[in-house]
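Overview (structure and organization)
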Amino acid sequence: MTELIPIELRDSIALLTLNRPDKLNALNYALIDRLMQRLDAIEVDDAIRAVILTGAGEQAFSAGADITEFSGSVARGADHAVRDFVRRGQTMTARLESFPKPVIAAVNGIAYGGGCEITEAVHLAVASECARFAKPEIKLAMPPTFGGTQRLPRLAGRKRALELLLTGEPFSPAHALAIGLVNRVVPHGELLNAADALARQIIRHPPGAVAAVINAATRGLNLSIDEGLLVERAQFAALVGREELVRGLTDWRNRPRAVGQTG
Ligand code: COA
């Protein structure tokens, strides 16, 4: 059977590939479940420090939820549709968003619907110049269901998001960059190297600090500033006494100085 989410280890970085190229890497239930299994295994594997997520084939990152499959759930009624389709997809994007190790999308092509929602949910995203984004659910007479009505307005601002959500029109990587959906746009052939370089810039820092930043920023975004500051405080407190913090502070105090420099 075809592996839906092949994994390749590049030192301490896991490259996960959405692998249904014949269907433009549409997110069927089995693929989502396999991605969740992969994340569960990566979370507890101390040897893996970061995840890069990309799409198989020349055309797509992902063309979104598998319409053929979820149409079956919809035909069985609201309870089935919510349990099998919506809840599964929302759980996936929430897991990516709160994953304690950095997750970087390397958007290699079409990122429509759920493919765009994955890009919204992950911590960082690099797009190929060949990428193409859209929120096309409105054309199916439905709203997005994997968090797409919630995260894009928070990222891009309400009016910019609503334009994309209500028109369903595709948009360019340059526009994705302008609205804060991706961090950078690179030539197609440089995509994986650019994502890898970004991951390496992060994982040179200790894992506890990286997880604390992700956790505080992700949770705090949806809280009041006062509640967010409490999350930040708790994240810091949990690091106190840990060797990585002791070492980080000691290394700075003992850093090499230019001759004659004091203080
Ligand atoms: N779900 C299920 N299958 C999908 C799919 C999806 N979201 N997107 C693409 N596919 C399948 C197609 O059915 C086709 O397979 P088939 O030939 O066995 O039927 C294959 O992937 C290639 O897609 P095709 O439509 O022929 O490619 P295209 O280049 O002409 O068009 C898109 C590309 C992305 C414009 C078009 O596939 C599309 O509109 N997909 C749906 C996007 C969407 O609405 N996503 C949100 C879902 S909630």
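Structure report, in brief. The shown structure was predicted, so the numbers you read here are calculated from the model rather than taken from an experiment.

1. Structural notes on helix α8 (residues 191-203)
In a regular helix each residue adds 1.5 Å, so 13 residues correspond to 18 Å; α8 covers 19 Å between its end C-alpha atoms and thus fits that length. Buried within α8 are the following residues: Leu191, Ala194, Ala195, Asp196, Leu198, Ala199, Ile202 and Ile203.

2. Section: the pattern of salt bridges
For the coordinates displayed, the defined rule picks out 15 salt bridges. A salt bridge links Arg200 to Asp11; its shortest N-O distance comes to 3.0 Å. Here Arg200, found in helix α8, pairs with Asp11, found in the loop between β1 (7-10) and β2 (13-18); they are 189 residues apart in sequence, far enough to count as distant. With a closest N to O distance of 2.8 Å, Asp66 and Arg20 form a salt bridge. Residue Asp66 is located in the loop between β4 (60-62) and α2 (67-75), and its partner Arg20 is located in the loop between β2 and α1 (29-43); the two are separated by 46 residues in the primary sequence. Accessibility expressed as a relative area gives 16% for Arg20, which makes it buried. One network of salt bridges, with partners in common, ties together Glu3, Arg34 and Arg38.

3. Considerations on the site of the ligand
Around the ligand, a shell composed of 16 residues is seen, among which Asp22, Lys23, Ala63, Ala65 and Ile67 lie nearest. Within the contact set of the ligand, an oxygen atom lies 2.5 Å away from a side-chain nitrogen or oxygen of Lys23. Between a nitrogen atom of the ligand and a main-chain N or O atom of Ile67, the distance comes to 2.9 Å. In isolation the ligand offers 860 Å² of accessible surface; the protein chains occlude 58% of this area. For the shell around the ligand, the per-class residue count stands at nine nonpolar, three polar and four charged.

4. Re the packing of aromatic side chains
Taken as a whole and assessed by the stated rule, the structure comprises three aromatic pairs. For the pair Phe70 and Phe85, a centre-to-centre distance of 4.0 Å together with 5° between the ring planes defines the contact as stacked. Here the residue Phe70 occupies a position in helix α2, and Phe85 occupies one in helix α3 (residues 78-98), the gap between them amounting to 15 residues. Phe85 shares its class with Phe70; the two are buried. Judged by centre distance (5.4 Å) and plane angle (55°), the rings of Phe85 and Phe146 are tilted. Separated by 61 residues along the polypeptide, Phe85 in helix α3 and Phe146 in the loop between β8 (132-134) and α5 (151-156) bring together distant segments of the chain.

Conventions adopted
Residues numbered from 1 in each chain as written. Predicted model: local features only at pLDDT ≥ 70, side-chain atom pairs only at ≥ 80, totals over all residues. Heavy atoms only, no water. Helix = DSSP H or I, 4+ residues; strand = E, 2+ residues; numbered from the N terminus. Expected span 1.5 Å × (residues − 1). Buried < 20%, exposed > 50% of the residue type's maximum accessible area, 1.4 Å probe, protein only. Salt bridge = Lys/Arg side-chain N within 4 Å of Asp/Glu carboxyl O. Near = heavy atom within 4 Å. Polar contact = N/O pair within 3.5 Å; in protein donor to acceptor, adjacent residues only side chain to side chain. Areas by Shrake-Rupley, 256 points an atom, 1.4 Å probe, with all protein chains shown as cover. Nonpolar A, V, L, I, M, F, W, Y, C, P; charged D, E, K, R; others polar. Phe/Tyr/Trp six-rings, centres within 6.5 Å; stacked < 30°, edge-to-face > 60°.

In short, the description is geometric, and any link to function would need to be established separately.
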